[in-house]
Amino acid sequence: MRIRYDRERCVGSGACAFTLPDIFDQDEDDGRVLVLVERPGSERRKAVEDVAASCPVFALTVEDD
Amino acid sequence: MTAEVTTAPSAVEAPPAFPLSRSKCPLSPPPEYARLREEQSVSKVTLRVSGKQVWIVTRHDQVRQVLGSPDMSSNWKLPGYPLQVPLPPEVLETLELPLVAMDPPDHTVRRRALIPELTAKRMQALRPRIQEVTDQHITAMLAKGGPVDLIQELAVPVPSLVFCELIGVSGENVGFFRRYAEQMVNRDITPEEMGAAQYEMEMHLQGLVAAKTENPGDDVLSRVIAKNNETGELEHNDLVALARMLLFGGFDTTANIIGLGTVALLQNPEQLAQVKADPSLMPKAIEELFRYLSISDSATARVATKDIEIDGVLIRAGEGIIALNGSANRDDRFFDNPDALDIHREAKGHLAFGHGNHQCPGANLVRVELDVVFTTLFSRIPTLRLAAPVEELEFKHDQLIYGLYSLPVTW
Ligand code: SF4
């Protein structure tokens, strides 16, 4: 799996970085999402999909490789 | 006559008054929401505050559609905007609009100036300090002995102190902010006194921004100001508006969730026992409390800037619309058995913080505050219980943000 993200859409709510701090972070300058691990193991899929569903602007998507 | 004509509201009959009344169960949203979601999910209401007729939407997908749409404006100054506070037009005209009342691109610039200060990491870094403040207040509560008012002893002071530290208010000014916070939960205060308190606070925020521009410290407001000195994007009044927004978003809301959340957990003793036994369940329980309590239920309002169709109903440009997140959070198309508090459910996708560009930028601060407060409260006072029947508690039925005026507890 691979995480795709759209920094233009991101409004920096930080829901992703709060819930999965080992996978997501936020830029120090503008607060927008940084993906630390673009290809987490498949055992994290459900967790990442849950976070993507919580993103207020749907800036995160999970894709198959 | 066609069915269409007979089902349309007749010209003489005004749409129901809004906000709709809550049921006898004070933790539940108005029961009418459930009927509306089924039968008339997009409908008209008459605002009690102004007599204006505006739309409400009640389903989860519709609330998301409205709050995510670029054709919906948050600008309070547009004529059709469904303002729910009695702001006289002359005041509104001169008001420096807060972040929540702006649209892109102004909104984007200001929000981006603020959010780096409120990142998940920074909020987590506040945890030890929040713990200290919480411990001090619980120690004081225990020393006093029950019954005490949890709102005055814990729910108001903890978030207000955290707020003061966050924006760098120190010394005697902390006392000023605390008194202000207390006044805001005082129902006996007259509109004149309330106005005077608001004015005094405004002056205070003005002074605070001026002082931090001169003498920046190590706090959120100072850092936003310092960065702005380089970019020059925001003016003094923008910064005051930001401080004001942090104030209004930052402590009353958190205080209300601490109060209501305590009641909800005490009313569900089995679930409370589970979180007490395993505090790692707390973050999930808190997410569920956000969904279940939806304290800013009817605060998310917009005005259409283009004609837009929602579920076959045409909303015209210029018409106001309120997206009821409290109704969306009880929509059984999205959540199973939504009227039950279930700390084990996947509450993801709840709309308690709004949705879209305006989603509450302070959500992660509240998450940390509630985690610390609830975990500490129930571990240090495991026998905590209500000191009055739920039916006798004073809920803020008359406020835009729902909560409790007081909460007698004992142990
Ligand atoms: S949840 Fe969405 S909007 Fe919030 S920081 Fe992550 S990507 Fe950005």
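Residues numbered from 1 in each chain as written. Chains lettered and ligands numbered in written order. Predicted model: local features only at pLDDT ≥ 70, side-chain atom pairs only at ≥ 80, totals over all residues. Heavy atoms only, no water.

(A) Up close: the overall build of chain A. Each helix and strand in chain A was counted, giving two helices and four strands. Mapped from its N terminus to its C terminus, chain A presents α and β elements in the order β-α-β-β-α-β. Seen through its principal axes, chain A has C-alpha atoms that stretch 30 × 20 × 20 Å. A buried classification covers 51% of the 65 residues belonging to chain A. For chain A, the accessible surface area stands at approximately 3200 Å², while carbon and sulfur atoms represent 47% of it. Looking at chain A, you have 9 positive and 15 negative side-chain charges, and the mean spots of the two groups are 4 Å apart. (Helix = DSSP H or I, 4+ residues; strand = E, 2+ residues; numbered from the N terminus. Buried < 20%, exposed > 50% of the residue type's maximum accessible area, 1.4 Å probe, protein only. Areas by Shrake-Rupley, 256 points an atom, 1.4 Å probe, with all protein chains shown as cover. Lys, Arg positive; Asp, Glu negative; His and termini not counted. Charge placed at Lys NZ, Arg CZ, Asp CG, Glu CD.)

(B) Region of interest: unusual backbone geometry. Residues and elements named next belong to chain B. Here Phe-18 and Pro-19 are connected by a cis peptide whose omega angle stands at 0 degrees. Inspection of the secondary structure puts Pro-19 in the loop between β1 (17–18) and α2 (32–39). The omega torsion across Pro-104 and Pro-105 is 0 degrees, close enough to zero to call that bond cis. Its place among the elements puts Pro-105 in the loop between α4 (89–94) and α5 (106–114). Phi is positive for Ser-294, close to 35 degrees, though the residue is something other than glycine.

(C) Summary view of the pattern of salt bridges. All names here are of chain A. Applying the stated criterion across every chain, the model contains 38 salt bridges over all chains. A salt bridge links Asp-30 to Arg-32; its shortest N-O distance comes to 3.0 Å. By the burial criterion, Asp-30 is buried, and Arg-32 matches it. Three or more residues joined by partner-sharing salt bridges are found here, namely Arg-7, Glu-8, Asp-27, Asp-30 and Arg-32. (Salt bridge = Lys/Arg side-chain N within 4 Å of Asp/Glu carboxyl O.)

(D) The arrangement of the sheet that holds strand β13 (residues 408–410) of chain B in detail. Residues and elements named next belong to chain B. Strands sit in the order β5-β13-β10 across an open sheet of three strands; the sheet is antiparallel. Of all strands in the sheet, those with a lone pairing partner are β5 (148–149) and β10 (385–386), marking the two edges. Examined bridge by bridge, β10 and β13 share two bridges and lie antiparallel to one another. The residue of β13 that forms the bridge with Arg-385 is Thr-410. (Pairing = 2+ DSSP bridges.)

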